[in-house]
Amino acid sequence: MKPTQLQMGLDYTLVEELVCGVDEVGRGPLCGAVVTAAVILDPARPILGLNDSKKLTEARREALYEEIIEKALSWSIARAEVDEIDRLNILHATMLAMQRAVAGLHITPRMALIDGNRCPVLAVPSAPVIQGDAKVPAIAAASILAKVSRDREMTAFELIYPGYGLGGHKGYATAVHLEALARLGPTPIHRRSFAPVRAAFEARDAGFAQA
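Only a predicted model underlies this, so the values are computations on that prediction, with no experimental measurement involved.

## Some remarks on the overall build of the chain
Of regular secondary structure, the chain possesses seven helices and five strands. Secondary structure elements of the chain, listed N to C terminal, follow the sequence β-β-α-β-α-α-β-β-α-α-α-α. Expected size for 211 residues packed as a compact globule is a radius of gyration near 17 Å; at 19 Å, the chain falls within 12% of this value. Projected onto the principal axes, the alpha-carbon positions of the chain cover approximately 65 × 40 × 30 Å. Restricting the contact set of the chain to residue pairs at least 6 apart, pairs at least 24 apart contribute 61%.

## Brief notes about the UniProt feature "domain: RNase H type-2" (unreviewed entry) in the chain
Here the UniProt feature "domain: RNase H type-2" (unreviewed entry) sits at residues 17-206. Across residues 17-206 one finds 45% helix and 16% strand; the C-alpha atoms that close the span lie 57 Å apart.

## Focus: the packing of aromatic side chains
Scanning the entire structure with this criterion turns up one aromatic pair. Relative to Tyr 161, the ring of Phe 157 has its centre 6.0 Å away and its plane inclined at 35 degrees; by these criteria the two rings are tilted. Residue Tyr 161 is classed as buried on the basis of its relative accessible area of 19%. The ring of Tyr 65 has Arg 152 sitting right over it, with the charged end atom 4.4 Å from the ring centre. Sitting over the ring of Phe 201, Arg 192 keeps its end group 3.7 Å from the ring centre.

## Comments concerning the side chain of Asp 133
Counting through the fold element by element, Asp 133 comes out in the loop between β5 (126-129) and α4 (137-160). Apart from residues lying up to four places away in sequence, Asp 133 is in contact with Asp 23, Asn 51, Asp 52, Lys 54, Asp 115, Ile 139, Ala 140 and Ser 143.

## Re the nonpolar core
As a rule of thumb, soluble globular proteins bury nonpolar side chains together. In terms of nonpolar packing, the biggest core is built from 18 residues, with Val 39, Leu 50, Leu 64, Ile 68, Ile 144 and Leu 145 touching the most fellow members. Among the elements of the structure, β2 (34-40), α1 (58-71) and α4 are those that each provide at least two residues to this core. Examining the composition of this core, we find that seven residues originate from one element, α4, more than from any other. Every residue in contact with Leu 50, bar those within four places of it in the chain, is listed here: Leu 41, Leu 64, Ile 68, Pro 137, Ala 140, Ala 141 and Ile 144. Listed in part, the 14 residues of the second largest apolar core include Cys 20, Ala 78, Ala 112 and Val 124.

## Observations concerning the UniProt feature "binding site: a divalent metal cation" (unreviewed entry) in the chain
Here, the residues flagged by UniProt with the feature "binding site: a divalent metal cation" (unreviewed entry) are Asp 23, Glu 24 and Asp 115. Taking the farthest pair of C-alpha atoms as the criterion, the annotated set spanning 93 residues converges on one region, since that pair is 7.9 Å apart. If we ignore the near neighbours within four places in the chain, the residues touching Glu 24 are Val 34, Val 35, Thr 36, Thr 94, Met 98 and Ala 146. One can find Asp 115 in strand β4 (residues 111-115). The contacts of Asp 115, once residues within four sequence positions are left out, are Val 22, Asp 23, Met 98, Val 129, Gln 131, Gly 132, Asp 133 and Ile 139.

## Let's talk about the packing of α1 against α4
Axis separation between α1 and α4 bottoms out at 9 Å; the angle between their running directions is 115 degrees. In this structure, the crossing between α1 and α4 has a hand that is left-handed. Across the interface between the two elements, Arg 61, Glu 62, Leu 64, Tyr 65, Glu 66, Ile 68 and Ile 69 of α1 pack against Ala 141, Ile 144, Leu 145, Lys 147, Val 148, Ser 149, Asp 151 and Arg 152 of α4.

## A closer look at α1
In this model α1 runs 20 Å from its N-terminal to its C-terminal C-alpha over 14 residues, within 8% of the 20 Å that 1.5 Å per residue would give. Looking at α1, one finds that the buried residues are Arg 61, Leu 64, Tyr 65, Glu 67, Ile 68 and Lys 71. Check the buried side of α1 and you find it contacts β2, β3 (74-80) and α4.

## Things to note about the sheet that holds β2
Spatially, five strands are ordered β3-β2-β1-β4-β5 in an open sheet, and the strand pairing comes out mixed. On the outer flanks of this sheet lie β3 and β5, each paired with one strand and no other. For this sheet, the mean inter-axis angle between neighbouring strands, taken without regard to orientation, is 20 degrees. Strand direction decides the pairing type here: β2 and β3, joined by seven bridges, are antiparallel. Each bridged residue has a counterpart across the sheet, and for Val 39 the counterpart in β3 is Trp 75. Packed onto the sheet, helix α3 (residues 90-103) meets β1 (19-25), β2, β3 and β4 and runs at close to 35 degrees relative to β2.

What counts as what
Residue positions are counted from 1 within each chain, in the order its sequence is given. With the structure being a predicted model, the display of local features is reserved for residues of pLDDT at least 70 and the display and counting of side-chain atom pairs for 80 or more, all residues being used for whole-chain, interface and lining totals. As a convention, hydrogens and water are excluded, and side-chain values are obtained from all of the structure's heavy atoms. Comment: elements are numbered from the N terminus, with helices defined as DSSP H or I runs of at least four residues and strands as E runs of at least two. Each radius of gyration is computed over the set of C-alpha atoms, and the globule rule expresses the reference value as 2.2 Å times the number of residues to the power 0.38. Should any heavy atoms of two residues lie within 4.5 Å, those residues are considered in contact. UniProt positions are given in the numbering used here, feature names are shortened, and annotations may be inferred rather than shown by experiment. Stacked, edge-to-face and tilted are the three classes for Phe, Tyr and Trp ring pairs, Trp counted by its six-membered ring, which pair at centre distances within 6.5 Å; planes under 30 degrees apart are stacked, over 60 edge-to-face, the rest tilted. Exposed residues in this analysis have more than 50% of their type's maximum accessible area, buried residues have under 20%, and partly exposed residues fall in between, with area computed by a 1.4 Å probe over protein chains only. We call a charge positioned above a ring when the Lys NZ or Arg CZ atom is no farther than 6 Å from the ring centre and deviates by at most 35 degrees from the ring normal. Among the buried residues, those of types Ala, Val, Leu, Ile, Met, Phe, Trp, Tyr and Cys that are joined through side-chain atoms within 4.5 Å form a nonpolar core. Axis lines are fitted through C-alpha atoms, for helices just across the contact stretch, and the angle between N-to-C directions can take any value from 0 to 180 degrees. Left-handed describes a crossing whose near helix is turned anticlockwise from the far helix by less than a right angle; the clockwise case is right-handed. One less than the residue count of a helix, multiplied by 1.5 Å, gives the span that helix is expected to have. By this definition, two strands are paired if DSSP reports at least two bridges between them.

As structure tokens, this is what we get:
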């Protein structure tokens, strides 16, 4: 394949229109889906302040989320569920969710720029961009949509599964989460393929066997 502008080392701002940015949130947590987004920005409607979602305050992410939804030429949010993560592993589940995000765009992009060092198999040309959420506005926009969507979901799960602190740590392996996992056991949204969760399932099953 002919080298893309990114592979040739040219300026990230020189990409053509109808390029979508793709990013994910939720590879590391012990529970919940991995959420991805794809965004095609509108050059005629610029959005100020786009950046890696982790570098923004929650209030700023929420405001930018609404602006991206309003101004983008096309956007799509997709996911891979816990059972898919456990069956495929987190990397392949993330690639699947990215495929779904790009496929969900109502405009077909000319190219997809993927945050990270690898690309899913797509129907359009693609290129990976390491730290892309800090370099490419469309990837930053995708990171914001994905993070806000997943954070909202984890906050809602706190009401369904109280005691784990999901609204605070969003499912990551904090001391609070690990303590709750050991004390309360795993929930249906915990990832069995992740070592701390697997250990919690084994401890629960051992307890049932002894009962």
